[in-house]
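# Structural overview for review
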Amino acid sequence: MLLKNRLFTPGPTPLLPAAQTAMAAFTAHHRTADFKVLYTRVLADMKDFIGTANDVLVIASSGTGVMEGSISNLTSPGDRVLVLTAGKFGERWRDLAKAYGCNVDLIEKPYGETFTLDEVRAKLTPETRAVYVQATESSTGVRHDVKGIAKLVRANADTLLIVDAITGLGTTHFDVDGWGIDVIIGGSQKALMIPPGLAYCAISERAWKRMETTKNPRYYFDFRKERKAAAKGESAFTPATSLFAALGAALDFIRQMGNGDLVMGRKALIDNAELAAEMTRAGVKALGLKLYASSPGAALTAVSAPAGIDSGKIVKEFRESFSAVVANGQGDMKGKLFRIAHIGYYDFLDTIGILAALEHVLASVTDKPVEYGVAVRAAQEVYAHARSAEPTAVAARN
Ligand SMILES: *Cc1c(COP(=O)(O)O)cnc(C)c1O
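Everything in this summary refers to the structure shown in the same document. Just so it is clear, the structure is predicted and the values come from calculations on it, not from any experiment.

## Digging into helix α10 (residues 241-257)
In an α-helix, one turn spans 3.6 residues; hence positions three or four apart end up facing the same way. Compared with the 24 Å implied by 1.5 Å per residue over 17 residues, the 25 Å span of α10 between its first and last C-alpha is a close match. For α10, a buried count of 12 out of 17 residues is recorded, marking the element as mostly surrounded by other parts of the structure. The set of residues buried in α10 consists of Leu243, Phe244, Ala245, Ala246, Leu247, Gly248, Ala249, Ala250, Leu251, Phe253, Ile254 and Met257. In this fold, the buried residues of α10 make contact with α1 (17-25), α2 (33-50), β2 (55-60), β10 (198-203) and α11 (262-286).

Given below as structure tokens:
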């Protein structure tokens, strides 16, 4: 059969057609009234997408740029910070904090696991200036307990909580202000369904205040400078104008998913990811495969390769036979697992399709017989159950 290219990777994710058209058509210069209108509207909409009343910044950068800014703006050399890590992105927090001279306390758990709140409580001290964590660790598929961690951090008056929710936003329900998350970070190439190139964050008053006294160097990622410019409807430097056009279209699409209400649309997008993830987990388990994550989130499903089989073979077979790109493990996890994402623009047919493909992929890489339809049936049952429980919720509109 003919092959269509499809991404099932946890970033970049499939592009929203309306966003691609908006970006291709966009020509405005960034210091014009027209662009100011777009910029201001997008920043306001991003508050609803994130679910916060805090000021939001959108910067031309990959996600890591704003992660770095969340270290450089909020710490001074020698500051004691706590990094919670159980994967490649947690390790990025550790490395960034060290690069800026922080005194790093670590809670390090094996890949595929998460932290207990007792472990966090034991490491958190009144001197801890900031805690850095992922919401969903994209290298393992694990969802960390941000709500529980936030509750512990908020008991300390002077400790900031910074959450890398780059694959968490749009796949996970957060009460950003209610839980007291000081900085929450996202990236354009994940649930927003547009290409890589924008990173964004929402910043609490407590964190803005911290920036008055911190001493680490910063220039391009100077959040205070960016906030001042944003208040005037501008960015500090040349913004990625066409990506803003794409982002405007993506936010309109999400609003449409909520029947005109962006907050409801965000919820529908998250529910969509949750249902796709639940269908995928059911399908994978029905094939006798094991989930890699101890507490899987809805951003992606990481699946352990069957014993004796390199997951690279599975990834390759998906690509060659179905033109479907799933992700291999990163770093030491390479060869051990594969990852199927549910972030953003995935529907029922994508979800059923990747499971149907998985059945064939398994049949060709293993010598055990595969009963066709087993994964698809398990996913169908999950979908049918969701549909009968809440018929409108599963019909997110294009
Ligand atoms: C994608 C991702 C990042 C950022 O990666 P960039 O390549 O810098 O955009 C950071 N953290 C997590 C959890 C991610 O999934």
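Text resumes after the structure shown.
## Side note on the environment of Ser76
For Ser76, the position within the fold is in the loop between α3 (63-72) and β3 (80-85). Classification of Ser76 as buried rests on a relative accessible area of 12%. In the structure, Ser76 is positioned 264 residues away from Ile340 in sequence and 39 Å away in space, judged by C-alpha atoms. What Ser76 contacts, discounting residues up to four positions off in sequence, is Cys102, Thr213, Thr214, Lys215 and Asn216. Here the side chain of Ser76 touches Lys215 through a polar contact of 2.9 Å, landing on its backbone nitrogen.

## Quick word on the site of the ligand
Close contacts around the ligand come from 13 residues, with Ser62, Thr64, Ser138, Asp164 and Lys190 the closest. The contact in question runs from an oxygen atom of the ligand to an N or O atom on the side chain of Ser62, over 2.5 Å. Contact distances for the ligand include 2.9 Å between an oxygen atom and a backbone N or O atom of Gly63. When the ligand is considered free in solution it has 380 Å² of accessible area, and contact with the protein chains removes 87% of it. Residue assignment for the shell around the ligand shows that the elements contributing at least two residues are α3 and α4 (88-99). In terms of residue count, the dominant contributor to the shell around the ligand is α3 (3 residues). Of the residues belonging to the shell around the ligand, the class tally is 3 nonpolar, 7 polar and 3 charged.

Basis of the calculations
- Residues numbered from 1 in each chain as written.
- Predicted model: local features only at pLDDT ≥ 70, side-chain atom pairs only at ≥ 80, totals over all residues.
- Heavy atoms only, no water.
- Helix = DSSP H or I, 4+ residues; strand = E, 2+ residues; numbered from the N terminus.
- Expected span 1.5 Å × (residues − 1).
- Buried < 20%, exposed > 50% of the residue type's maximum accessible area, 1.4 Å probe, protein only.
- Contact = heavy atoms within 4.5 Å.
- Polar contact = N/O pair within 3.5 Å; in protein donor to acceptor, adjacent residues only side chain to side chain.
- Near = heavy atom within 4 Å.
- Areas by Shrake-Rupley, 256 points an atom, 1.4 Å probe, with all protein chains shown as cover.
- Nonpolar A, V, L, I, M, F, W, Y, C, P; charged D, E, K, R; others polar.

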